[in-house]
Amino acid sequence: MTVEPLDVDWFDGRHARPRRVRLHIERDRIQVLEPENGRPGRRVVLLELPLAAIDWPERTRHGARIARIAGGGELHAVDVGLWDAWASSHGLRQPLLVRVQLRWRLVLAVLLLLVLLAYGAWRWGIPLAGRTAVALLPPAVDRQVGDAAYAALRQRWLADSALPAGRMEALRRALESSLVRAEGPGREPLHLHFHASRLGPNALALPGGHVVITDELVTLLDGDETLLLGVLAHEAGHVRGRHGMRLLVQTALLGAGASALAGDPAGWLATLPTLMGGAGYSRELEREADEASIRVLRAAGRDPAAMPRLFERLAERRAAGGTQASAGAAIGIAFASHPDDAERIARFRAASLGPR
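Just so we're clear, the structure is a prediction, and the values are computed from it rather than from any experiment.

**Student:** Describe in detail the overall build of the protein, supporting the description with residues and values.
**Tutor:** Check the secondary structure of the protein and you find 12 helices and 11 strands. In the protein, of all internal contacts separated by at least 6 residues, the share reaching a separation of at least 24 is 60%. Split by element, the accessible area of the protein, about 19,800 Å² in all, is 58% carbon and sulfur.

**Student:** Describe the sheet that holds strand β9 (residues 191-197), with residues and values.
**Tutor:** Paired through backbone hydrogen bonds, the strands of a sheet run either parallel or antiparallel to each other. The four strands are arranged β8-β9-β11-β10 in an open sheet whose pairing can be described as mixed. The strands lining the two open edges of the sheet, one partner per strand, are β8 (158-160) and β10 (203-206). Within this sheet the neighbouring strands show an average axis-to-axis angle of 45°, counted without direction. Sheet topology note: the β10/strand β11 (residues 210-214) ladder contains four bridges and is antiparallel.

**Student:** Describe helix α10 (residues 308-320), naming the residues involved and giving the relevant values.
**Tutor:** For α10, with 13 residues, the first-to-last C-alpha span of 19 Å sits near the 18 Å given by 1.5 Å per residue. Close packing links the buried residues of α10 with α6 (215-220), α7 (225-240) and α12 (341-350).

**Student:** Could you give me a rundown of the sheet that holds strand β4 (residues 45-50), with the residues and numbers involved?
**Tutor:** One open sheet holds the seven strands; their spatial order is β4-β3-β2-β1-β7-β6-β5, and the pairing between them is antiparallel. Looking along the sheet, the strands with just one partner apiece sit at the ends: β4 and β5 (54-55). Relative to strand β7 (residues 74-77), strand β1 (residues 6-11) is paired through four bridges, and the arrangement is antiparallel. Bridged to Val8 within β7 is Ala77. Sitting on the sheet, helix α1 (residues 80-89) touches β1, β2 (19-26), β3 (29-33), β6 (66-69) and β7, and the angle it makes with β1 is about 105°.

**Student:** A description of the side chain of Ser197 should follow, citing residues and the corresponding values.
**Tutor:** Looking at the secondary structure, you find Ser197 in strand β9. Residue Ser197 is classed as buried on the basis of its relative accessible area of 6%. One polar contact links the side chain of Ser197 to the main-chain amide nitrogen of Leu199, over a distance of 2.8 Å.

Quick notes on the rules
- Residues numbered from 1 in each chain as written.
- Predicted model: local features only at pLDDT ≥ 70, side-chain atom pairs only at ≥ 80, totals over all residues.
- Heavy atoms only, no water.
- Helix = DSSP H or I, 4+ residues; strand = E, 2+ residues; numbered from the N terminus.
- Contact = heavy atoms within 4.5 Å.
- Areas by Shrake-Rupley, 256 points an atom, 1.4 Å probe, with all protein chains shown as cover.
- Pairing = 2+ DSSP bridges.
- Axes fitted to C-alpha atoms, helices over the stretch in contact; angles between N-to-C directions.
- Expected span 1.5 Å × (residues − 1).
- Buried < 20%, exposed > 50% of the residue type's maximum accessible area, 1.4 Å probe, protein only.
- Polar contact = N/O pair within 3.5 Å; in protein donor to acceptor, adjacent residues only side chain to side chain.

Laid out in structure tokens, this is it:
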């Protein structure tokens, strides 16, 4: 089939005004022809180039068509519709990506696929990468990070404990013996620290084996050994699972991925997914620590169904409006990155030892 030449405007790179010419393709070469101007059959070739010397424009639904000539010069479409039909008749196919962009159903499918891939990376890929990376880290790294974090907490938030030495020692022995029953001997010992604190009633775990419990929490639980052991076993679960290091690595990977997608590490499009995704990882690690607490309580012959009393007492303190309770909620056992209290209460109740 014979294809008529196409009228275009030619900017030759030497003159500011365009020249109306006609384009004709012969095999793998393109000719820039002088218009016939009422003299059919007259063909004056002004320029002849291989097709590869032309940088053809991407097709869009709206917008100009401008082809760039290697070495200088441009060819501008006079009629966009005629240009597209002429290019198609000569087999000048657009790249696959451009063809996809012009079809909204394909664009929608690609966006949906990207969302699914992003969710899969957040839900399974990054946690797997975090576990793998932490498994390759020597325990000495945990100790260095934990020692530095504990020193910083002591300097700003923690003071010497006012609890009797015998009370602290009894809690240490109870935790150690319960962990041996649950885990067996030979595990690395924990470093249990008691402190008075501006954090209020709180307990937290740091990498490297550090577990901190505040005098205020011991007092709040009023000598309830089961609740105290459950809290300490929860924090021990964080230590044994190296949750602090895992959360650090996973949040860093999530932040790097969000920054790469958003193109702006400091922008809210990168910051918001990192904060929300990091909270999701933290909640999952809290669930693991709750399961560890249940195992230790059961191994010690104590009923995990008693743990809901912990949430009741913390809720009562928060309802009282104490400033220390508000400060404590920022970092301790019942803060925002933990699962919902109702979910945790149901988990402990489901693990009940039942009537004996």
